[in-house]
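This is what each chain is made of:
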Amino acid sequence: MSVANSIEFKWQHVAGISLVCGLALAGCSRSDEETVEIAEEPVVVEETTPVISCDNPMVQDRLKSALRNTLNQQAQTLAASYANEAQISLSSATITSKVSGILIDVQNTAVLQETNDNGMTTCQASVSMTLPSEDLYLASQLQAANNQPSLQTRLAQNDIRINNNMLVDNAFTYVVGTQGGQVQTRIAGQPAMVGIVADVIAGSTLTTAMSELQAQRAAQEEARRRRAQAQAAEEERARQAARQARQPAIATPPAPAVKPATAPTINTDNNQVAVEPGTSATLPATPTAPKAVPKDETIDMIIVEDESATY
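All of these numbers come straight from a predicted model, not from anything done at the bench.

Q: Before we go on, may I ask you to explain the state of the cysteines in this structure?
A: The bond known as a disulfide is covalent and runs between the sulfur atoms of two cysteines. Inspection of the entire model under this criterion finds 1 disulfide. The side chain of Cys54 participates in a disulfide bridge whose partner is Cys123; the two sulfur atoms lie 1.9 Å from each other. Every disulfide takes its handedness from the sign of the S-S torsion; for Cys54 and Cys123 that torsion is -75°, giving left-handed. With a gap of 69 residues between them, Cys54 in the loop between helix H1 (3-39) and helix H2 (57-86) and Cys123 in strand E2 (residues 121-130) connect regions that are remote in the sequence. Taken as a pair, Cys54 and Cys123 share a single burial class, namely buried.

This is the structure we're talking about:
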């Protein structure tokens, strides 16, 4: 091989190596650029949980519903216990109706504890429950009969004030937040007012049922007494009828015959003259006195004619 050809071959070899290295470098560079682009992390936007205010109207509605449900459950439990002790039955529908009639109101809401990491906020409010006066009166009667503390005493012990028939708890605590996109409201702890009102409802229901049972028994006793009196009177009438049937019949004597009135008699010397009734009595003529008989003893007999005499 000539020297010129050898030199030309070396340059071609070097150029080939350079070209291969250039292509390799280009590929490496492009690969690096693509790797950088893929390695870039997307920007993550954190979603913040919305904060629900304590005075949100939806929150207050949910709180009232939670209070009513809890109140009904506790009243049903207490009523079942009272009914078992008194050995009578109480209507669960009556208790539910009484609970539904309670007026619940929420006022003066405030944040007691700021929203935590779970998005739950602790709130405090003034919660009032207005009950029928009759329920409060009947429950008080039951407590007095069982020598239990009065309603006013229990309320005062739990810082609950009473105004006529309204019970007010100024430090009622509850928790609000969201779960699954839905507003959630939960009662914190076991409020004393819920327990007291549940006891009032159960006691009132029990007292009413016992009064109705006593009235029913009294009516049954009165009906039984009337039936007994009516039966006794009927039996007495039957006995009297039987006695009259056993007695012999008494014959009625015939009426006495009417006799004609006896004519009065008039004595005339030795003779009696009858006088017909309704006629005037006519006296017979007085007989003429006999003529004097001569007392001449020489005369044997003297015949004297008497014109009135009958021969």
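From this point, things continue past the structure.
Q: Explanation requested: the environment of Arg161 in the structure shown.
A: The topology assignment puts Arg161 in strand E3 (residues 161-163). For Arg161, a relative accessible area of 46% translates into the label partly exposed. Those residues in contact with Arg161, other than ones at most four positions away along the chain, are Met166, Leu167, Val168 and Asn170.

Q: Would you mind showing me how to read the nonpolar core here?
A: In a soluble, globular protein the nonpolar side chains are often hidden away together inside. Leu67, Met129, Leu131, Tyr174 and Val197 are the most contacted members of the largest nonpolar core, which has 43 residues in total. Ranked by the residues each element gives to this core, the list is headed by helix H6 (residues 192-246), at 10 residues. Apart from the residues lying within four places of it in its own chain, the contact partners of Leu131 are Ile102, Leu136, Asn165, Leu167, Val197, Val200 and Ile201.

Q: I keep staring at the pairing of strand E4 (residues 166-179) and nothing clicks. Help me out?
A: For a regular strand, side chains alternate in direction, first toward one face of the sheet and then toward the other. Summarising the sheet, E2 and E4 pair through 9 bridges and their orientation is antiparallel. Paired with Thr122 across the bridge in E4 is Val175. Of the strand pairs in this sheet, E3 and E4 are connected by 3 bridges, and their pairing is antiparallel. Across the sheet, residue Arg161 finds its bridge partner in E4, namely Val168.

Q: Teacher, can you tell me more about helix H4 (residues 133-145) here?
A: Three or four residues apart is the spacing at which side chains of an α-helix point the same way, because the helix has 3.6 residues per turn. With 13 residues, H4 should reach 18 Å at 1.5 Å per residue; the first-to-last C-alpha distance of 19 Å fits that figure. Where the residues of H4 are buried, they touch helix H3 (92-100), helix H5 (151-157) and H6.

Q: Which parts of the structure should I look at to understand the environment of Gly189?
A: Mapped onto the elements of the fold, Gly189 is located in the loop between strand E5 (182-187) and H6. We classify Gly189 as exposed; its relative accessible area is 64%. Through-space distance from the C-alpha of Gly189 to that of Phe172 is 9.9 Å; in sequence the pair is 17 residues apart.

Q: Got a minute to help me understand the packing of H2 against H3 in this structure?
A: Their axes nearest at 10 Å, the elements H2 and H3 cross at an angle of 145°. The handedness of the crossing between H2 and H3 is right-handed. Here Arg68, Leu71, Asn72, Ala75, Gln76 and Ala79 of H2 lie close against H3, whose contacting residues are Ser92, Ile95, Thr96, Val99 and Ser100. Tallied by class, the residues present in the contact of H2 with H3 amount to 5 nonpolar, 5 polar and 1 charged.

Q: Just checking my understanding: could you explain the side chain of Thr122 for this structure?
A: Note on placement: Thr122 falls in strand E2. Every residue in contact with Thr122, bar those within four places of it in the chain, is listed here: Cys54, Val111, Leu112, Gln113, Thr173, Tyr174 and Val175.

Cut-offs and rules
- Residues numbered from 1 in each chain as written.
- Predicted model: local features only at pLDDT ≥ 70, side-chain atom pairs only at ≥ 80, totals over all residues.
- Heavy atoms only, no water.
- Disulfide = S-S within 2.5 Å.
- Helix = DSSP H or I, 4+ residues; strand = E, 2+ residues; numbered from the N terminus.
- Buried < 20%, exposed > 50% of the residue type's maximum accessible area, 1.4 Å probe, protein only.
- Contact = heavy atoms within 4.5 Å.
- Core = buried A, V, L, I, M, F, W, Y, C linked by side-chain atoms within 4.5 Å.
- Pairing = 2+ DSSP bridges.
- Expected span 1.5 Å × (residues − 1).
- Axes fitted to C-alpha atoms, helices over the stretch in contact; angles between N-to-C directions.
- Left-handed = near helix turned anticlockwise from the far one by under 90°.
- Nonpolar A, V, L, I, M, F, W, Y, C, P; charged D, E, K, R; others polar.

Function cannot be inferred from these measures alone, as they are strictly geometric.
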